[in-house]
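Okay, here's what each chain looks like letter by letter:
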Amino acid sequence: MTKKVRVRFAPSPTGGLHLGGVRTVLYNYLFAKQYKGDFILRIEDTDQTRYVPGAEEYIVNCLKWCGMEPDESPQKGGPYGPYRQSERKEIYRQYAEQLVREGKAYYAFDRPEELESMREKFKTADNPSPQYDHRVRMQMRNSLSLPAEETERLLADGTPYVIRILMPENETVLLEDMIRGEVSFNTGLSDDKVLLKADGMPTYHLAVVVDDYLMKITHAFRGEEWLPSAPVHLLLWKYLGWEHEMPKWAHLPLILKPDGNGKLSKRDGDRLGFPVYAMNWHDPRTGELTRGFREMGFLPEAFINMLALLGWNDGTEQELFTMDELIARFSMDRVHKGGARFDFEKAKWFNHEWIKRKDAKDLVPQVRSVLQEKGIAATNDAYLEQVIGLVKDRCTLLTDFYGQSTFFFETPGQLDVAAVKPKWNSEKEDFFRTACQLFETFHHWNPGDLEDAFKKLAAEKNMKPGEVLMPFRIMLVGGKFGPGVFDIVALIGKKETIKRIEQGLEQLRQ
RNA sequence: GCCGCGUUCGUCUAAGGGCUAGGACACCACCCUUUCACGGUGGUGAUACGGGUUCGAAUCCCGUACGCGGUACCA
């Protein structure tokens with residue numbers, strides 16, 4: 001019997017959730033669901049100086065919007081809680097102390113200034129950033145370099161200390177990564193990472209290992225930026241005696257800026273005019289508001305679809321996937337090794353495709369709220385649905401529905417008369433007056449019959465339909481855009497159509 | 001500097017020793033449409049470089065270049 005798959009997303013609550021974060025969640029989620037496993041949300045809030053109120057709730061809401069609800073979380077609870085690391089503080093100390101007792105870690109009493117001067121002292125052109133490692137540890141103030149009594153005394157005096165892992169001087173550690181294959185590291189090249197901080201909180205390194213073990217995580221997927229510290233984690237699993245329980249690892253490629261170099265940051269979004277966060281993020285410290293994909297008019301389905309394909313594909317030419325299809329097709333070994341540049345144009349294309357493929361009915365709530373924000377009530381569901389059906393093919397973002405459909409709800413104000421004025425004449429005016437009379441008594445109020453009647457009238461007046469169609473459109477819509485003229489007429493109704501023709505004739509006269 | 005990871009059209013990618021290196025976004029042209037879109041057809045455009053191995057290399061090996069990540073009592 002194989003173990004039940006359990007994966008986790010472990011963000012630190014320091015701000016908005018950006019693209020890379022959501023994609024990490026997504027791959028975790030897809031994997032978990034594919035294997036009918038559990039998806040856990042764990043909050044890594046061990047750095048009290050970076051904690052931002054509201055960030056955790058924001059993350060939870062993002063997951064909800066994306067349709068990736070955790071099976072276990074601080075909010076939902078679960079059998080392996082608490083799920084907030086700050087609430088598990090005592091657990092970590094136990095294991096850190098255990099490691100010290102077993103000679104696999106040690107107390108270090110160095111003050112920040114001392115660390116600073118060590119770095120200065122050993123800094124050379126060849127080694128610009130000296131580490132606290134096997135080469136210098138005996139010259140520092142720790143339980144390895146100090147006599148045992150001295151260590152005892154310092155501890156008894158309540159001297160602040162940290163616990164550092166003792167990295168072997170020269171051992172090879174092999175990591176089996178689901179995406180990259182075997183990666184090897186030399187332990188002597190890594191520093192003696194702090195495991196337990198002076199404030200009693202664990203660092204990430206200790207906390208991930210302890211929690212992944214205690215929470216029975218079977219697969220650990222995280223960003224590529226963690227690859228260099230993987231040997232420390234591997235060693236910790238071994239030191240703690242849990243090697244056989246160690247999860248399988250996968251280090252996900254980064255999402256890069258569209259231009260230039262480096263990983264995508266919030267700054268790039270601000271600079272290039274696209275969102276980087278899933279939803280609007282309001283920073284309580286600065287008061288700054290950062291726009292999100294949701295508020296920008298993205299459908300969660302499109303957002304997820306786009307992210308899934310950024311660094312992964314199923315080997316076919318299919319690009320549009322529902323969440324269920326992704327769950328069925330996803331495989332970690334088809335995830336790319338290299339980072340992917342984010343392309344907002346492609347992201348918009350996904351959204352456009354999703355708007356087109358969704359039923360008008362299903363878009364009603366979202367479009368209504370877009371319209372409501374602009375002061376259009378749109379209370380009639382059936383009517384709104386028909387409007388959406390007519391315009392959705394020309395909307396890339398949900399927010400586009402406003403510009404594409406206001407004229408279904410409000411009589412256009414200032415018409416683009418310049419578009420027809422040059423060719424305007426009294427014959428055309430006469431035609432529209434007659435058209436009004438025709439509509440007044442017309443009974444077959446549907447697009448086909450309306451069009452036939454309209455064209456018949458044009459023929460009687462010796463006019464080509466094209467000559468009067470554009471003026472008619474301008475009267476109805478206000479400009480040169482929108483769905484078919486008779487679809488609009490059919491929908492807005494007799495009274496409104498006649499009203500708009502009369503208003504149009506009025507504005508054209510001036 | 002050191003360590004690790006990468007590198008196919010501008011961008012996302014397919015092709016894991018064997019067709020003219022395929023698709024998508026974007027861009028351009030044409031068609032459809034008497035609007036704007038949708039849609040359709042076609043086009044421009046890539047294996048970083050240098051060596052091997054092989055009948056044959058985008059694919060395997062070595063080197064170089066370039067990029068990214070890490071090098072914190074941050075995650």
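Residues numbered from 1 in each chain as written. Chains lettered and ligands numbered in written order. Predicted model: local features only at pLDDT ≥ 70, side-chain atom pairs only at ≥ 80, totals over all residues. Heavy atoms only, no water.

## Some points on the overall build of chain A
And then number 1: A tally of helices and strands in chain A yields 20 helices and 13 strands.
And then number 2: The C-alpha radius of gyration of chain A comes to 32 Å, more than 25% above the 24 Å expected for a compact globule of 510 residues.
And then number 3: Over its C-alpha atoms, taken along the principal directions, chain A stretches across nearly 110 × 50 × 40 Å.
And then number 4: Across the 510 residues that make up chain A, the buried fraction comes to 52%.
And then number 5: Look at the contacts in chain A between residues 6 or more apart in sequence, and 72% of them connect residues 24 or more apart.
And then number 6: Summing over all exposed atoms, chain A offers an accessible surface of approximately 23800 Å²; the carbon and sulfur share of this is 49%.
And then number 7: Considering chain A, the positive charge centre built from 70 side chains and the negative charge centre built from 76 side chains are found 2 Å apart. (Helix = DSSP H or I, 4+ residues; strand = E, 2+ residues; numbered from the N terminus. Rg over C-alpha atoms; globule rule 2.2 N^0.38 Å. Buried < 20%, exposed > 50% of the residue type's maximum accessible area, 1.4 Å probe, protein only. Contact = heavy atoms within 4.5 Å. Areas by Shrake-Rupley, 256 points an atom, 1.4 Å probe, with all protein chains shown as cover. Lys, Arg positive; Asp, Glu negative; His and termini not counted. Charge placed at Lys NZ, Arg CZ, Asp CG, Glu CD.)

## What to know about the pattern of salt bridges
Where charged atoms from two side chains of opposite charge approach closely, those side chains can pair.
And then number 1: If you walk through the whole model with that rule in mind, you get 41 salt bridges.
And then number 2: Note that Glu-150 is salt-bridged to Arg-153, the shortest N-O span being 3.4 Å. Of this pair, Glu-150 and Arg-153 both sit in helix H5 (residues 148-156), 3 residues apart, which is roughly one turn of that helix.
And then number 3: Residue Asp-259 is joined to Arg-271 by a salt bridge in which the shortest nitrogen-to-oxygen separation is 2.9 Å. One end of the pair, Asp-259, is in the loop between strand S10 (255-256) and helix H8 (266-272); the other, Arg-271, is in helix H8, and 12 residues separate them in sequence.
And then number 4: We classify Asp-259 as partly exposed; its relative accessible area is 31%.
And then number 5: Salt bridges here are not isolated pairs; linked through shared partners, they connect Arg-8, Arg-42, Glu-44, Arg-88, Asp-211 and Asp-212. (Salt bridge = Lys/Arg side-chain N within 4 Å of Asp/Glu carboxyl O.)

## Here we look at the sheet that holds strand S4 (residues 162-165)
Remark on secondary structure: sheet strands pair via backbone hydrogen bonds, oriented parallel or antiparallel.
And then number 1: Spatially, the 3 strands line up as an open sheet ordered S3-S4-S7, and their pairing is antiparallel. The sheet is open, and its two borders are formed by strand S3 (105-108) and strand S7 (194-196), each paired with just one other strand. For this sheet, the mean angle separating the axes of adjacent strands, direction not counted, is 45°. (Pairing = 2+ DSSP bridges. Axes fitted to C-alpha atoms, helices over the stretch in contact; angles between N-to-C directions.)

## Observations concerning the nonpolar core
And then number 1: If you look at the biggest cluster of nonpolar residues, it comprises 62 residues, and the most contacted ones within it are Phe-303 and Phe-342.
And then number 2: When residues in this core are grouped by element, the largest group, 9 residues, is from helix H1 (residues 19-34).
And then number 3: Contacts of Phe-342, omitting those with residues within four sequence positions, involve Leu-19, Ile-255, Leu-256, Pro-258, Leu-264, Phe-274, Phe-293, Met-306, Leu-310 and Ala-347.
And then number 4: Membership of the second largest hydrophobic core comes to 55 residues, among which are Cys-436, Met-463, Val-485 and Phe-486. (Core = buried A, V, L, I, M, F, W, Y, C linked by side-chain atoms within 4.5 Å.)

## Remarks on the protein's contact with RNA strand B
And then number 1: Neighbouring RNA strand B are 65 residues; Asp-126, Gln-131, Asn-261, Glu-319 and Arg-394 lie closest to it.
And then number 2: Backbone sugar and phosphate groups make up 71% of those atoms of RNA strand B lying within 4 Å of the protein.
And then number 3: At a separation of 2.7 Å, a base nitrogen of RNA strand B approaches a polar side-chain atom of Arg-473.
And then number 4: In the model, a base nitrogen of RNA strand B is placed 2.6 Å from a nitrogen or oxygen of the Gly-482 main chain.
And then number 5: Taken together, the elements giving at least two residues each to the surface near RNA strand B come down to helix H4 (112-122), S4, strand S6 (181-186), strand S13 (340-341), helix H12 (344-357) and helix H18 (465-477). (Near = heavy atom within 4 Å. Polar contact = N/O pair within 3.5 Å; in protein donor to acceptor, adjacent residues only side chain to side chain.)

## What about the packing of aromatic side chains?
And then number 1: Enumeration over the complete set of coordinates arrives at 36 aromatic pairs.
And then number 2: A ring pair is formed by Phe-293 and Phe-298, whose centres lie 4.9 Å apart and whose planes are at 75°; its orientation type is edge-to-face.
And then number 3: According to the relative accessible area criterion, Phe-293 is buried, its value standing at 0%.
And then number 4: For Phe-298, a relative accessible area of 2% corresponds to the buried category.
And then number 5: Geometrically, the ring pair formed by Phe-431 and Phe-432 is edge-to-face, given 5.2 Å between the ring centres and 90° between the ring planes.
And then number 6: Look at Phe-431 and you get buried, because its relative accessible area is 0%.
And then number 7: Residue placement shows Lys-374 over the ring face of Tyr-402; its charged tip is 5.0 Å from the ring centre. (Phe/Tyr/Trp six-rings, centres within 6.5 Å; stacked < 30°, edge-to-face > 60°. Lys NZ or Arg CZ within 6 Å of the ring centre and 35° of its normal.)

## Quick look at the side chain of Thr-159
And then number 1: Within the secondary structure, Thr-159 sits in the loop between H5 and S4.
And then number 2: Within the structure, Thr-159 has its side chain in polar contact with the backbone oxygen of Leu-154 (distance 2.8 Å).
And then number 3: In this structure, Thr-159 is in contact with Phe-109 and Leu-154, ignoring residues within four places of it in sequence.

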